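Take a look at the letters that make up each chain.
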Amino acid sequence: MIWLTWRQHRRQVWFTLAALAALAALMVPTGLSMWGAFDDLKLGDCLARIPTAPADPAEAMPCSTALTNFRSSYQTMNLVGVLMLFLPLLIGLFWGAPLVAREIEHGTHRFAWTQGVSRRRWMLVKFGLVGAATLTASVAYGLGMSWWLTPLARAGQSRMNLVAFDMQGIVPIGYTLFAVALGVFAGTVWPKVLPAMAATLVGVIGLRIVLTTLARRHYQPAEAVTFPVVGATDSNPAAGDWVLGRGVRDASGRMVIPGIQVGCPSDAPGCAAELGLGDGAYNWLLLQPAERFWLFQTIEFGIYAALAVVLLALAMRRVRRIA
Amino acid sequence: MIEFVLDGRSKVNTYNQLVQQVKQALRVGLLAPGDQLPKVREVAQSLAINPNTVLKAYRELEIEGLAEGRPGVGTFIKHDLARAALPNQAQLREELLAWLKRAQDDGLTRDDIRALVETTMRAGFKRD
Amino acid sequence: MDTALEAGRLGKRYARHWALRECSLRVPAGRIAALVGPNGAGKSTLLHLAVGLLRPDAGSIRVFGQDPHGNTGALADIGFVAQETPLYEDFTAEELSRAGSKINRRWDSEVVRQRLTRVGVPMGKAVGKLSGGQRAQVALALALAKQPRLLLLDEPVASLDPLARKEFLQSLMGSVAESGTSVLLSSHLLADLERVCDYVIVLNSGRLRLCGPVDDLIAEHKQLVGPRNGGTPIAGVRSVIRASHTDRQSTLLVRTTGEIEDPDWAVHDVTLEDLVLAHLAEGAAEAVEVAA
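Definitions and cut-offs
Chains are numbered independently. Their residues run from 1 in the order of the written sequence. Lettering for chains starts from A, numbering for ligands starts from 1, and both go in the order in which the items are written. Only residues with pLDDT of at least 70 get local features here, since the model is predicted, and only at 80 or more are side-chain atom pairs given and counted; chain-wide, interface and lining totals rely on the full set of residues. In this text, helices come from DSSP runs of H or I with a minimum length of four residues, and strands from runs of E with a minimum of two, each type numbered from the N-terminal end. Three classes are used. A residue is buried when 20 or more other C-beta atoms lie within 10 Å of its own, exposed when 12 or fewer do, and partly exposed in between, with C-beta atoms placed from the backbone. C-alpha atoms define the radius of gyration in this analysis, and the globule rule sets the expected value at 2.2 Å times the number of residues to the power 0.38. This entry defines residue contacts through backbone-placed C-beta atoms, with two residues in contact when those atoms are within 7 Å. In plain words, the nonpolar core is the set of buried Ala, Val, Leu, Ile, Met, Phe, Trp, Tyr and Cys residues that C-beta atoms within 7 Å link up. As a working rule, the residues Ala, Val, Leu, Ile, Met, Phe, Trp, Tyr, Cys and Pro are called nonpolar, Asp, Glu, Lys and Arg charged, and the rest polar, with Gly in that last group. Delimitation of the domains relies on an automatic or database domain assignment. Geometry is summarised by axes, namely lines fitted to C-alpha atoms with helices restricted to the contacting stretch, and by angles between N-to-C directions that run from 0 to 180 degrees. Only when DSSP finds a minimum of two bridges between them are two strands counted as paired. Each angle gets one of four labels, with under 35 degrees taken as roughly parallel, over 145 as roughly antiparallel, 65 to 115 as roughly perpendicular, and the rest as oblique. Here a crossing is taken to be left-handed if its near helix is turned anticlockwise relative to the far helix by less than a right angle, and right-handed if that turn runs clockwise.

J.: Would you mind going over the overall build of chain B in detail, with residue names and values included?
T.: Helix and strand counts for chain B come out as five helices and two strands. Each helix and strand of chain B, placed in order from N terminus to C terminus, yields the pattern α-α-α-β-β-α-α. Across the 128 residues in chain B, those meeting the buried criterion constitute 20%.

So this is what it looks like as structure tokens:
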């Protein structure tokens, strides 16, 4: 049964390995180049010297220049990174959706299930091996992406931000497992490859959008951080955090200027009054702190992995009943 | 060894065709006592017919005393047709020829004669 | 005597529609049985139930006494070729045999090699590239490699040209002669099966119409031609299967209890085809079953 599964998916395996190799051929040189630039510009030292506590802006200047240089050189790399978001979906479409659907569409289940293996064993081996293969692939590109993104992340791109979060850590593995499981399940509901792929596409994109935009901000209660309008010492108190909301509130807490922060130098007292801000006005930030990165990664991974398990169990139930 | 053929359009059923072909071969001299008949498997395969049909034909030949089966080896011709002939055949044949002449003189056609023979046989044989 | 296949009031339903209903039949071992009926009669349903792909909604089905559903032990004794011979298109016959040896308890790859060499089918070519006749030979070889006691074939020759059809049936008959395997093969064309089967099962609209050994059925049924008969019983006739009348004459296809002695009636033998068609005709009498 193991040999049969391997032989059936042999071409798919070669193709996936080739695709991953092509990906690596693209990502490794660019990654090395970014790491190289990062080290050349001594950005590591820079960032180490800037503590997260308030510091003198003048000291931060040379590092700021270096950071700006780096960012402008590699800004477009972010676009490449976004392409990576589609990898879990592609794996789900080409490994998950055809798994059961192709077998039934071509009628070969009438061959496979009338030999000497039970449907249960057939499912366990097929789902197990394909699951293991896709898991391995997703670990590979998950780790690879994390390595590739690190210079950009440390240069000010918050790991917690929407797209960056999705591309690194363990969540790509969760997305992949979910996409494959959804593909397999879709194949048991619409036992033809193209409709199953369509359903998988809609399902993966739909759920990803819903969970990312609606659920992620609520994994833990958000923290509110405030700092004064005048004489702020910390130029970027939310560096690396995921900012959910910002604004300027007056002394009573009412939102006066939503969406921006105001920083008046301590030696320009009329600044605040010009903006219509009374005494006691303060900057307000609602955020998820950067320290929660791994916690959030684990929670999100857990959600997608749990969904994958449920979908696979449902798929197994449906396969038992197929005519 | 002889080879069987089948006439798809004949009303005679398959196993009877096989029996007739063996008898014909014996009459003509293509088969003699001691000759082996084709193996069941080969006949079934070459004609694409049920092996049981071939077995039935061979069994019929055994019952008529024309052939004998040797387990593990095959089916062989045992006696010639003449030796298995029914007794008094020559006399019956003569009487039949006389009767036929009378029927023809009475004006019966071939089909009339055939119908008469069939209905009488049905009634006659039943009494046995 | 061993029973290869037994169905007891078997029924299968798809939503509101019964594909097979109240089907009770018995096929003895060592027979080559033909399953005939028009498209949609329930032939594939019966075969899929026999091989455990479907579970009955009513009644039961047993192969050599065992329930085939979810029973890999029973499956080891059943060889099955589905309609359109589904095989993994990019596998070669060699690889299919290898797959078979891995997922079956009993497998003789020599059977596959010898059979395919004998009929000239290349073992190393992807089966998707073979002709219809060659694919059918591969599927048959794979089914026989399991050394089954019962072989189930769903319309195996339906899409084959006459030469391929003949070669397939030749191959099949050769195997059965060697191994004594019981066979149940379906077709919507009786002509394909007439010389091959010694047992016949006729289905129509999900119901059993006729079932029994061919020789006995033919011996028991006759066609009577005689004066117009409005339904008065005739000596020796058990039941009338089909009747057609002109103003003067009646032609009846009947099941007999013995010889027809009534001189009014001309008695003719029937062919299997006549018999099957009569039972498939509308208004035909209740099902005829003859024990083997």
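J.: Quick rundown of the overall build of chain A? Include the residues and the values.
T.: Across its full length, chain A holds 12 helices and four strands. The C-alpha atoms of chain A give a radius of gyration of 25 Å, which is well past the 20 Å a tight globule of 323 residues would have. Each principal axis of the C-alpha atoms in chain A carries an extent, and together these give about 85 × 45 × 25 Å. Looking at chain A alone, contacts between residues at least 24 apart form 81% of all its contacts between residues at least 6 apart.

J.: Quick rundown of the environment of Ala58(C)? Include the residues and the values.
T.: All names here are of chain C. Position of Ala58 relative to the elements: it lies in strand E4 (residues 58–63). Note: C-alpha distance between Ala58 and Lys12 (46 residues apart in sequence) is 6.5 Å. Excluding residues within four positions of it along the chain, Ala58 makes contact with Arg9, Leu10 and Gly11.

J.: Tell me about unusual backbone geometry, and please be specific about residues and values.
T.: Residue and element names in this part refer to chain C. Residues other than glycine seldom take positive phi values, yet Thr85 does so here, at roughly 30°. Here Glu155, not a glycine, exhibits a phi torsion of approximately 45°, which is positive. Summarising the element assignment, Glu155 is placed in the loop between strand E6 (150–154) and helix H6 (162–179).

J.: Lay out the nonpolar core with the relevant residues and their values.
T.: Ranked by size, the top nonpolar core spans 116 residues in total, and within it Ala33(C), Val138(C), Leu152(C) and Val200(C) carry the most contacts. With residues up to four places along the chain from it excluded, the contact list for Leu152(C) reads Leu47(C), Ala50(C), Val51(C), Ile78(C), Gly79(C), Phe80(C) and Leu184(C). By size, the runner-up hydrophobic cluster in this structure holds 52 residues, among which are Ile91(A), Phe94(A), Ile173(A) and Ala179(A).

J.: Could you give an account of the interface of chain A and chain C, naming the residues involved and the relevant values?
T.: On the side of chain C, 20 residues touch chain A, which itself brings 17 residues to the contact. Contributing elements (two or more residues each) for the side of chain A that touches chain C: helix H1 (2–40) and helix H6 (109–112) of chain A. In the side of chain A that touches chain C, the residues fall into seven nonpolar, eight polar and two charged.

J.: Quick rundown of the domain arrangement of chain A? Include the residues and the values.
T.: Interfaces are often sized by the amount of accessible area the parts lose when they come together. Domain boundaries assigned for chain A yield domain 1 (2–219 + 292–321) and domain 2 (223–291). The C-alpha centroid of domain 2 of chain A is placed 37 Å from the C-alpha centroid of domain 1 of chain A.

J.: Can you lay out the packing of H1(A) against helix H3 (residues 93–103) of chain C for me, pointing to particular residues and giving the numbers?
T.: One way to put it is that H1(A) packs onto H3(C) with a least axis distance of 8 Å and a crossing angle of 150°. Side by side, H1(A) and H3(C) meet where Trp3(A), Leu4(A) and Arg7(A) of the first sit next to Glu95(C), Ala99(C), Lys102(C) and Ile103(C) of the second.

J.: Quick rundown of the pairing of strand E3 (residues 255–258) of chain A? Include the residues and the values.
T.: All names here are of chain A. As paired strands, strand E2 (residues 242–249) and E3 are joined by three bridges and run antiparallel to one another. Paired with Arg249 across the strands is Met255, a residue of E3. The antiparallel hairpin formed by E2 and E3 contains five residues in its connecting segment, where Gly253 sits at a positive phi of about 100°.

J.: Any chance you could break down the sheet that holds strand E2 (residues 17–28) of chain C for me, citing the residues and the numbers?
T.: Residues and elements named next belong to chain C. The three strands are arranged E2-E1-E4 in an open sheet whose pairing can be described as antiparallel. Each edge of the open sheet is held by one strand with a lone partner, namely E2 and E4. Neighbour-to-neighbour, the strand axes of the sheet open up by a mean angle of 20°, direction not taken into account. Relative to E4, strand E1 (residues 3–14) is paired through five bridges, and the arrangement is antiparallel. Bridging across to E4, Gly11 finds its partner in Ala58.

J.: Could you give an account of the arrangement of the chains, with specific residues and numbers?
T.: The highest contact count of any of the two pairs of chains in contact belongs to chains A and C. Contact between chain A and chain B is absent, and the least distance between their C-alpha atoms amounts to 26 Å.

J.: Lay out the sheet that holds strand E12 (residues 249–256) of chain C with the relevant residues and their values.
T.: Residue and element names in this part refer to chain C. A sheet is described by the order of its strands in space; here four strands give the open sequence E11-E12-E10-E13, paired in antiparallel fashion. The two strands at the open ends of the sheet, each matched to only one other strand, are strand E11 (237–245) and strand E13 (266–269). Across the sheet, the mean angle separating the axes of adjacent strands is 30° when strand polarity is ignored. Sheet analysis places E11 next to E12, joined by seven bridges and oriented antiparallel. When the bridges of E12 are listed, Val237 appears paired with Thr256. Strand contacts of helix H8 (residues 272–280): strand E10 (221–227), E11 and E12, with the helix running at about 80° to E11, the strand carrying the most contacts.

J.: Any chance you could break down the packing of H3(C) against helix H4 (residues 109–119) of chain C for me, citing the residues and the numbers?
T.: Residues and elements named next belong to chain C. Contact geometry for H3 and H4: axes closest at 9 Å, N-to-C directions at 155°. Of the possible angle classes, the one that applies to H3 and H4 is roughly antiparallel. Classified by chirality, the crossing of H4 by H3 is right-handed. Within the contact between the two elements, H3 uses Ala93, Ser97 and Ser101 and H4 uses Ser109, Val112 and Leu116. Counted by class, the contact of H3 with H4 contains three nonpolar, three polar and no charged residues.

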